[in-house]
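# Remarks on the overall topology
Chain by chain, the residues:
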Amino acid sequence: MLSGTGWGTLAGGAVLTGVGYGLGYGEFAALGVTCLLAVALAVLWALPAPRLGAERKIEPGRVSRGDPAEGVVTLANTGGRTRRGLRAVDRCGDRDIPVDVPALRPGAAHELRYALPTARRGRVPVGPLRLERTDPLGLARRKRPYGAEDTLLVRPRICPLPVLPSGQAHHVEGPASDAADDGSLTFHALREYVLGDDLRRVHWRSTARTGTLMVRQMVDVSLPHTTLVLDGRHRAYISEDDFELAVDCAASVAYAAARSHFPVHLVGEAGPLLHTDGSGDDGEALLDALAVVRRSDLTSVAAAFDGLGSGHGNNGTLVVVTGTGDTRGLGAVDGVRGRFDRVTVVRAGADAQTTRGGSGSGPGPGPGAGAGPVSDLPQLRVASLDELLAGWRREAVR
C-alpha cells in the first residue's frame, strides 16, 4: 500500500515524534506528527477502490517482427464520483508499460493507446491490466487488476519469393481435389465429416469405433510439394540475430508456396513440425507455427532428414535453411536428395558476405562447420532478406 516515499515518511515521522517528545523538542514533535498525519491521509485517499470498467484489445493481434502493434484500453467510470490520480500499467512480456489516465467524470470513458514491443518473435502475453491510484504526494498506492490476459503473436518477417520450379506440373488452381483425376489422389488423414463431403469417402470402421462420421482426406499428389527443413540448433548460428534471419528465410519460402496453394511439409531439426495440403489459410498457419520456433541444444541435424524418404513432400523441392556455423548432420541430405526434383541449401548469417566475399550460390561449409560437411548442393549465402530475394530469383531461373 505505501510507496518507498511513504515508508520513508512514516519512519521519519515516527523518529521525529519520539525524539521531540522524549527530548522536549516541540518543533521536532510537530514535524513528526505532521508526517504521520500525511501518511494517514494518503492511505485514506488511496483506499477507496474505484468503480471502473476496463476493456483491452490488441491491434493487430498478429504482426510481423518489427512492425507496429498497439494495445487499446477503454476505461469507463461506472461510479458516481470523478476519479483522479489514476495510472494504468499493462504487463507486456517481461516489462511494464505505464500510461497516465486523465480525470474521469461519472459515466465518462477514455481510450488509452500504447505501443507494444514487437522486436522479439513469439507469443507475447499482454496483461492483466493494473490500475494504480496514488495520492497527490505519492505516499500511498493502491493496485487493482482488471480484465484477463491477451496474447500478441509476433511472427517472422517475410519477403515475396517465387516458387522454385520442379519436375512436377503445377496445378493452376491449386489442390482442387474434387476436380483432380482419381489416379492423382492419395490418402492423407481421417477427419470429421462436414456438410458437402463425398459420402463415398466415409471410413466406416473409424465411424463405428468413434461414433462420429469420419471421412478420408485426400490430397492431389500431382501438386509440387515443398519440403522445408529449418535447422534450429544453437551451434548452427553465430548469434541470435542469425537464427532470426534463418526463421525469416524459412517463413518466406513456406509462405510463397502456401500462397500459390501448394502443399508444404515443415520439418525442424528434431522432426516434423507442420504439414499443409495447400488449402485454406495455410500461409497463416505456417507463419503461426514459425512464430514459436525456438533454438535447441541438439548436436546434429541428421534427425530432420529421417522419414523424408516416404510421405508427402517427395518428388518436389527440398529447401534446407541453416546458419553459417556448425553443419554437423547436414551431410544426411545426400541420402535423400535423389528423391527430390530440386534441393537448395540456404545459409543465413551476418557473416555470409565475409564467408565467401559476397552472397550467392556456391558449395562449401563455411567456418566452424564441424563434422558432416555439406556436399556440392547449390547454396545461397544470405545476410539479409534482400539478399535472399535476389539469390532466390537467380535460383528460380537456374
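For the structure, check the block above.
Computed from a predicted model, the values in this text were never measured in an experiment.

A separate point is the overall build of the protein. For the protein, the helix and strand inventory stands at seven helices and 18 strands. In the protein, of all internal contacts separated by at least 6 residues, the share reaching a separation of at least 24 is 72%. Here the protein has roughly 19100 Å² of accessible surface; of this, 54% comes from carbon and sulfur atoms.

Our focus in this paragraph is a nonpolar patch on the surface. Together, V15, V19, L23, Y25 and F28 make up an exposed nonpolar region whose accessible area comes to about 470 Å². Counting residues per element, the nonpolar patch draws most heavily on helix α1 (residues 4-23), which supplies three residues. Within the element layout of this structure, V19 appears in helix α1. What makes V19 partly exposed here is its relative accessible area of 31%.

Grouped together as the largest cluster of nonpolar side chains are 36 residues, with contacts concentrated most on L230, C249, V321, V346, L388 and W392. Looking at this core, the elements that each hand over two or more residues are β12 (226-230), α4 (240-259), β13 (264-268), α5 (282-291), β15 (317-323), β16 (342-348), β18 (379-382) and α7 (385-396). Sort the elements by how many residues they give to this core and α4 lands first, with twelve residues. Residues contacting V346, with those up to four places away along its chain left out, are C249, V319, V320, V321, T322, L380, V382, L388 and W392. L86, L112, L116 and L131 belong to the second-largest nonpolar core, a separate cluster that totals 23 residues.

In this section: unusual backbone geometry. In this structure, P60 follows E59 across a cis peptide bond, with omega equal to -15°. Note that P60 resides in the loop between β1 (52-59) and β2 (62-64). One non-glycine residue, H261, lies in the positive phi region at around 65°. By secondary structure assignment, the location of H261 is in the loop between α4 and β13.

As a further point, take the state of the cysteines. Taken as a whole and assessed by the stated rule, the structure comprises zero disulfides. Not part of a disulfide, C249 finds its nearest cysteine sulfur in C159, a span of 7.1 Å.

This paragraph deals with the packing of α4 against α5. The geometry of α4 relative to α5 is characterised by a closest axis approach of 8 Å and an angle of 165° between their N-to-C directions. The orientation of α4 with respect to α5, classified from their angle, is roughly antiparallel. When you trace α4 past α5, the crossing you get is right-handed. Side by side, α4 and α5 meet where V247, A250, A251, A254, Y255 and A258 of the first sit next to D282, G283, E284, L286, L287 and L290 of the second. Taken together, the residues that form the contact of α4 with α5 break down as nine nonpolar, one polar and two charged.

Turning our attention to α5. Burial runs high along α5: seven of the ten residues are buried. Taken together, the buried positions of α5 are occupied by D282, G283, L286, L287, D288, L290 and A291.

Read across the sheet, three strands follow the order β1-β3-β6 without closing on themselves; strand pairing throughout is antiparallel. Each edge of the sheet is formed by a strand with only one pairing partner; in this case those strands are β1 and β6 (109-115). Strand-to-strand twist of the sheet, defined as the mean angle between neighbouring strand axes without regard to direction, takes the value 20°. Examined bridge by bridge, β1 and strand β3 (residues 70-77) share eight bridges and lie antiparallel to one another. Residue K57 lies in a different strand from β3, and its bridge partner there is V72.

Let us now look at α7. Over its twelve residues, α7 runs 16 Å from end to end, which matches the ideal 16 Å to within 8%, given 1.5 Å per residue. Taken residue by residue, α7 has L385, E387, L388, L389, G391, W392, E395 and A396 as its buried positions.

As enumerated under the stated definition, the model contains 22 salt bridges in all. As a salt-bridge pair, R91 and D96 come within 2.9 Å of each other at their nearest N and O atoms. The network of salt bridges with shared partners includes K57, E59, E70, E111 and R113.

Attention now goes to the environment of L153. Among the structural elements, L153 can be located in strand β9 (residues 150-155). In this structure, the C-alpha to C-alpha distance between L153 and S64, residues 89 residues apart in sequence, is 8.4 Å.

Now for the pairing of strand β4 (residues 86-92). Among the seven residues of β4, five are classified as buried, and the element is accordingly described as predominantly covered. In terms of strand pairing, β4 meets strand β7 (residues 122-134) through six bridges, oriented antiparallel. Within the sheet, the bridge partner assigned to L86 lies in β7 and is R133. As judged from the six bridges shared by β4 and strand β5 (residues 95-100), these two strands associate in the antiparallel manner. By the bridge assignment for β5, D90 is matched with I97. Here β4 hands over to β5 after two residues, with G93 in that stretch at a positive phi of 65°.

What counts and what doesn't
- Residues numbered from 1 in each chain as written.
- Predicted model: local features only at pLDDT ≥ 70, side-chain atom pairs only at ≥ 80, totals over all residues.
- Heavy atoms only, no water.
- Helix = DSSP H or I, 4+ residues; strand = E, 2+ residues; numbered from the N terminus.
- Contact = heavy atoms within 4.5 Å.
- Areas by Shrake-Rupley, 256 points an atom, 1.4 Å probe, with all protein chains shown as cover.
- Patch = residues over 30% accessible without salt bridge, like charges linked within 9 Å, V, L, I, M, F, W, Y side chains within 5 Å.
- Salt bridge = Lys/Arg side-chain N within 4 Å of Asp/Glu carboxyl O.
- Buried < 20%, exposed > 50% of the residue type's maximum accessible area, 1.4 Å probe, protein only.
- Core = buried A, V, L, I, M, F, W, Y, C linked by side-chain atoms within 4.5 Å.
- Disulfide = S-S within 2.5 Å.
- Axes fitted to C-alpha atoms, helices over the stretch in contact; angles between N-to-C directions.
- Parallel < 35°, antiparallel > 145°, perpendicular 65-115°, else oblique.
- Left-handed = near helix turned anticlockwise from the far one by under 90°.
- Nonpolar A, V, L, I, M, F, W, Y, C, P; charged D, E, K, R; others polar.
- Pairing = 2+ DSSP bridges.
- Expected span 1.5 Å × (residues − 1).

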